[in-house]
Amino acid sequence: MSSSSEKGYSVRISSKSKMFSLNLKEVLKYKDLIWLFVQRDFKTKYKQTILGPLWFVIQPLFSTVVYTLVFGNFAGFSTDGVPQFLFYLAGNVPWLYFSTCINSTANVFVMNSSVFGKVYFPRLTAPISTVITCMLNFFIQFSLFLVIGMVYIVTGTPVQINWVATLLPILIVQLAMLGMGFGIVISSLTTKYRDLQVLVSFGVQLLMYLTPVVYTASSLGESLFYKVVMLNPVSPIVELIRYGWLGSGSTPWGYWGISWIFTMAVLLAGILMFNRVEKNFMDTV
Amino acid sequence: MQSDREYAIKIKGLKKRYRLGVIGGGTLQGDLQSWWAKVRHKEDPNLKIGEKSREKNETFMALDGIDLTVYQGERLGIIGHNGAGKSTLLKLLSRVTGPTEGDIYMNGRISSMLEVGTGFNPELTGRENIYLNGAILGMTKVEVDSKIQQIIEFSECSKFIDTPVKRYSSGMYVKLAFAVAAHLDSEILVMDEVLAVGDMKFQQKCLNKMSDVSREEGRTILYVSHNMATIRQLCDRCIVLDHGKIIYDGDVERAIDIYLDLEASDDTYIDYAKIPRFYWLTNTRIQTKYAQYLHKDDIIFSRKEKQHILLKWLNEDDIENLCLRVEVLRRDRVPVGTTMLYDFYSGKKDEEGQVQFSLDISSLVPGRYATRYTFFYMDQFGNNFNLDNVNGLYFEITSEENDIVWDVKNWGSIELPQVKIEK
């Protein structure tokens, strides 16, 4: 079809779409935009509030207090001898990161439809910037964990930090990839069916109980339930973070490997679906 | 014709189909039900009675086979009525949505301004929004850095540049947004009616800026507007879209003529029952039924002829001292002159009224005209209140053989009575 006169074009818009296009090169070109989105979200989140950035730490602090009361004191779950508050905080902070990643990327098309409907930029910049913004929140919350950990150490409670703690950056990146992967799969599906959005916020809440946040995986022994929990790709990550920084729990290396395979698969599937949907989603959103 | 020039945009057989009505069932459950019924060859439980299939909704071709080549440095105007496909074309070009069929080839970066201030965040300051908006439109931070001073100056907002834009007046907001867009580096600029906002002075400034970047830097501009004056000023080529097709491509003046003629009809009879009312006339007390030229089969008149017009209407209330205004306009809706008929009718509610009158067109110069009929009444202070207002019959006045060629642009559309020599 194409005659010589079409040669030398820099952009081609076609009705046919390629099955596999990751479009990552284009995303990289817009890295300034990603960074500006992050700045915008971070700056505007708590504007005109009295407590301002304090809200970043209040949320994990309060939920951890509740876990300590409910699961630690009333239910009496074992924490492997680690101070209860510190134990729950160490599980809660990574879990919060994962769940906010999913929840905020899951409705990225619907949330941004007014901007997406007016101007083109690689749509993937939106979920990527969301995940990075959440990562900043995570660092603030993790610093809170460090400060409270220091308080315990100074007051004489033994906290056994070991070399596994150095894996933290890798684990966080994996959490981000996993959260975003799930999120964009869902957002690609929700342009047409809004049902999934309801299911997601609800499902993520339930998934927390399949993740060793309020209990240790080792307390489950070798039961079938242990295997089910560890096949949840988030579980080995939370377990490793807590083992590294508090010395409680286990190091499930094998399950971590499965978790990585899962992460890559979900992310790849997510990006492919996302790129397929982004072209025409304005007509159905 | 111009095949040796480099093209900026080449469009081939472009089509865009939209489905009318509700898309899908809206829920996964609904679509699954329909699908399951189809698999079992049962009747779809979500079907409305009488429909054949839920999936095969009526479709609508917003664009129906567009072929177009735009050369570098051209300033192309795109005009057409609402629903002709202008905005859809721009959306496809700016990659907001994808085509159903066909291809677009582009040479160079494209930036689109389908709206001013896309992505502005009210909480951020003017300066922060310049960076954000610039990045959304495709600029890197370094590019914005090098232009920020120019942008701030152009926006005339330098005093407020570090104030959150939620405190801006709407005019300032628009100026700032346009300033960013006007400083984009891309080779192709696509604009949809963005100049309709802002005051006249700023509009002129923007138009001049656009002309400048096109002339000096050879950038290609695609501009959509309903404002013919700005099309005339900015564009050097114009296409007219109608029902998803290009019906004219070429000279700007000719294109505007064709566009204005699209809405004109050469009917000698208008039935107003079929035409929706203007929404701002909420308390009409007269409902115009129809208008008709008497003793006439077409709408072409000579200046010596008189028009005989019959109007019929329904009284929606008791009417006293009804007056009628016949406004004559040029086809581009510029008023030419008005004639009045005072206190010609009184009637009771629900009665039908009619009037037959003649209209003297001898002072109008040859050309094509539109009319408007307004029923009104006048109080004792001379204030008038509209009772109904409709677009009237169109007409065309032909020129006689030895008439002077009338320069409408400079002389107007009315020939005053001839001057009389007194001495």
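Predicted, not measured: the structure shown is a model, and the values here were computed from it. Counting of residues starts from 1 at the beginning of each chain's written sequence and follows it residue by residue. The lettering of chains begins at A and the numbering of ligands begins at 1, in the order of writing. Local features in a predicted model are, by the rule used here, given only for residues with pLDDT of at least 70; side-chain atom pairs are given and counted only at 80 or more, and totals for whole chains, interfaces and linings are based on all residues.

(A) Highlighting the overall build of chain B. When you go through chain B residue by residue, the secondary structure sums to nine helices and 19 strands. Here a residue counts as buried when 20 or more other C-beta atoms sit within 10 Å of its C-beta, as exposed when there are 12 or fewer, and as partly exposed otherwise, the C-beta atoms being derived from the backbone. Per-residue burial for chain B yields a buried fraction of 33% across its 423 residues. Numbering of helices and strands runs from the N terminus, with a helix taken as a DSSP run of H or I at least four residues long and a strand as a DSSP run of E at least two residues long.

(B) View of the overall build of chain A. Helix and strand counts for chain A come out as 12 helices and one strand. Sequence-ordered secondary structure for chain A, helices as α and strands as β, is β-α-α-α-α-α-α-α-α-α-α-α-α. For the C-alpha atoms alone, the extent of chain A along its principal axes is close to 80 × 50 × 35 Å. It is the C-beta atoms, placed from the backbone, that decide contacts: two residues are in contact if theirs lie within 7 Å. Nonlocal contacts in chain A, meaning residues at least 24 apart in sequence, comprise 79% of its contacts between residues at least 6 apart.

(C) Looking closely at the packing of helix H4 (residues 141–155) of chain B against helix H5 (residues 170–182) of chain B. All names here are of chain B. It is the contact of H4 with H5, at a shortest axis distance of 8 Å, that shows an interaxial angle of 140°. As judged from the angle between their axes, H4 and H5 are oblique. The element H4 and its partner H5 pack so that their crossing is right-handed. For the pair formed by H4 and H5, the contact residues are Ile151, Phe154 and Ser155 on the first element and Lys175, Leu176, Ala179, Val180 and Ala182 on the second. As a rule, the C-alpha atoms of each element are fitted with a line to give its axis, helices using only the stretch in contact, and angles between N-to-C directions run from 0 to 180 degrees. Note that the term roughly parallel is reserved for angles under 35 degrees, roughly antiparallel for angles over 145, roughly perpendicular for angles of 65 to 115, and oblique for everything else. Crossing chirality is assigned from the near helix's rotation relative to the far helix, an anticlockwise turn below a right angle marking it left-handed and a clockwise turn marking it right-handed.

(D) View of the interface of chain B and chain A. Chain B puts 39 residues into the contact, and the matching count from chain A is 30 residues. For the side of chain B that touches chain A, the secondary-structure elements that each account for two or more residues are strand S1 (7–19), strand S4 (101–106), strand S5 (110–113) and helix H3 (126–136) of chain B. Of the residues forming the side of chain B that touches chain A, the biggest block, six residues, is contributed by S4 of chain B. Of the residues contributing to the side of chain B that touches chain A, the split by class is 17 nonpolar, 15 polar and seven charged. When residues are sorted by character, Ala, Val, Leu, Ile, Met, Phe, Trp, Tyr, Cys and Pro go into the nonpolar class, Asp, Glu, Lys and Arg into the charged class, and all the rest, Gly among them, into the polar class.

(E) Structural context of the confidence of the model for chain B. All names here are of chain B. With 89% of its residues at a pLDDT of 70 or more, chain B shows a mean pLDDT of 83. Values of pLDDT, the confidence the predictor places in each residue, fall between 0 and 100. The weakest mean pLDDT in chain B belongs to helix H1 (residues 28–39) at 72; the strongest belongs to strand S16 (residues 352–360) at 93. Interface scoring of the predicted complex returns ipTM 0.82; its pTM is 0.74.

(F) Structural view of the sheet that holds strand S10 (residues 269–271) of chain B. Residues and elements named next belong to chain B. Should DSSP find at least two bridges between two strands, the strands are regarded as paired. Within the open sheet, the four strands sit side by side as S10-S11-S13-S16. Their pairing is antiparallel. Each having just a single partner strand, S10 and S16 make up the two edges of the open sheet. In this sheet, neighbouring strand axes are inclined to one another by 20° on average, regardless of whether the strands run parallel or antiparallel.

(G) Geometry of the nonpolar core. Here, a nonpolar core means buried Ala, Val, Leu, Ile, Met, Phe, Trp, Tyr and Cys residues linked by C-beta atoms lying within 7 Å of one another. Of all hydrophobic cores here, the largest spans 133 residues; its most connected members are Ala90 of chain A together with Ile78, Ile104, Ala177, Ala181 and Val190 of chain B. The greatest single-element share of this core, amounting to 13 residues, is contributed by helix H4 (residues 84–106) of chain A. Two domains each put at least three residues into this core: domain 1 (7–61) and domain 2 (73–263) of chain B. Beyond its immediate sequence surroundings of up to four residues, Val190 of chain B is in contact with Leu90, Leu93, Ser94, Ile110, Ser112, Met113 and Leu222 of chain B. Counting residues in hydrophobic clusters, the runner-up holds 21 residues, among them Ile309, Ile319, Tyr373 and Tyr394 of chain B. Either an automatic procedure or a domain database provided the assignment from which the domain bounds are taken.

(H) Representation of the confidence of the model for chain A. Looking at chain A as a whole, the pLDDT averages 84, with 94% of positions reaching at least 70. Taken as a whole, residues 1–5 of chain A scores under 50 in pLDDT and shows zero contacts with residues more than four places along the chain or in a different chain.

(I) Structural detail: helix H11 (residues 234–246) of chain A. Expected span of a helix: the number of residues minus one, times 1.5 Å. Helix length check: H11 of chain A, at 13 residues, gives a terminal C-alpha distance of 18 Å against a target of 18 Å (1.5 Å per residue), a fit within 8%. Burial analysis of H11 of chain A places 13 of its 13 residues in the buried class, which makes it a mostly covered element.

(J) Broad picture of the sheet that holds S5 of chain B. Residues and elements named next belong to chain B. One open sheet holds the six strands; their spatial order is S5-S6-S7-S3-S8-S9, and the pairing between them is mixed. Among the strands making up the open sheet, the edge pair consists of S5 and strand S9 (245–250). Here the average twist between neighbouring strands, direction ignored, is 15°. One ladder, built from five bridges, connects strand S8 (residues 237–242) with S9; its direction is antiparallel. Across the sheet, the residue bridging to Cys238 is Gly250, located in S9. Along the sheet, helix H2 (residues 86–93) makes contact with strand S3 (75–80), S5, strand S6 (188–192), strand S7 (220–224) and S8, crossing S6 at roughly 145°.

(K) Region of the structure containing the pairing of S5 of chain B. Residue and element names in this part refer to chain B. Alternating positions in S5 separate into two faces, Ile110 and Ser112 on one and Ser111 and Met113 on the other, with burial throughout. Of the strand pairs in this sheet, S5 and S6 are connected by four bridges, and their pairing is parallel. Within S6, the position partnered with Ser112 by the bridge is Val190.

(L) A look at the pairing of strand S14 (residues 319–330) of chain B. Residue and element names in this part refer to chain B. With eight bridges joining them, S14 and strand S15 (residues 335–347) adopt antiparallel strand pairing. Residue Leu329 lies in a different strand from S15, and its bridge partner there is Pro335. Sheet analysis places S14 next to strand S17 (residues 367–378), joined by eight bridges and oriented antiparallel. Counted as the bridge partner of Leu329 is Ala370 from S17.

(M) Spatial organisation of the environment of Ala177 of chain B. Residue and element names in this part refer to chain B. Position of Ala177 relative to the elements: it lies in helix H5. Of the residues examined, Ala177 has 25 C-beta atoms within 10 Å and is grouped as buried. Residues Ala177 and Thr118, spaced 59 residues apart in sequence, show a C-alpha to C-alpha distance of 8.1 Å. The residues contacting Ala177, other than those within four sequence positions of it, are Val116, Gly117, Phe120 and Asn133.

(N) The environment of Ile104 of chain B, seen in detail. In this structure, Ile104 of chain B sits in strand S4. Sequence spacing of Ile104 of chain B and Thr69 of chain B is 35 residues, and the spatial spacing of their C-alpha atoms is 9.7 Å. Among all residues touching Ile104 of chain B, those that are not within four sequence positions of it are Ile13 of chain A together with Ile9, Ile11, Leu14, Leu92 and Leu93 of chain B.

(O) Structural context of the environment of Asp199 of chain B. Turning to its location among the elements, Asp199 of chain B is positioned in the loop between S6 and helix H6 (200–217). In the structure, Asp199 of chain B is positioned 39 residues away from Phe160 of chain B in sequence and 19 Å away in space, judged by C-alpha atoms.

(P) Representation of the packing of H4 of chain A against H11 of chain A. Residues and elements named next belong to chain A. Running from amino to carboxyl end, H4 crosses H11 at an angle of 140°, the nearest separation of the two axes being 10 Å. Classified by the interaxial angle, the pair formed by H4 and H11 is oblique. In the packing of H4 onto H11, the handedness of the crossing is right-handed. Residues Leu86, Phe87, Ala90, Gly91, Pro94, Trp95 and Phe98 of H4 pack against Val234, Ile237, Val238, Ile241, Arg242, Trp245 and Leu246 of H11. Classifying every residue of the contact of H4 with H11 by side-chain character gives 12 nonpolar, one polar and one charged.

(Q) Structural context of unusual backbone geometry. All names here are of chain B. Residues other than glycine seldom take positive phi values, yet Asn321 does so here, at roughly 50°. Following the sequence through the fold, Asn321 ends up in strand S14. You will see that Asp343, though not glycine, has its phi angle at about 40°, which is positive. Summarising the element assignment, Asp343 is placed in strand S15.

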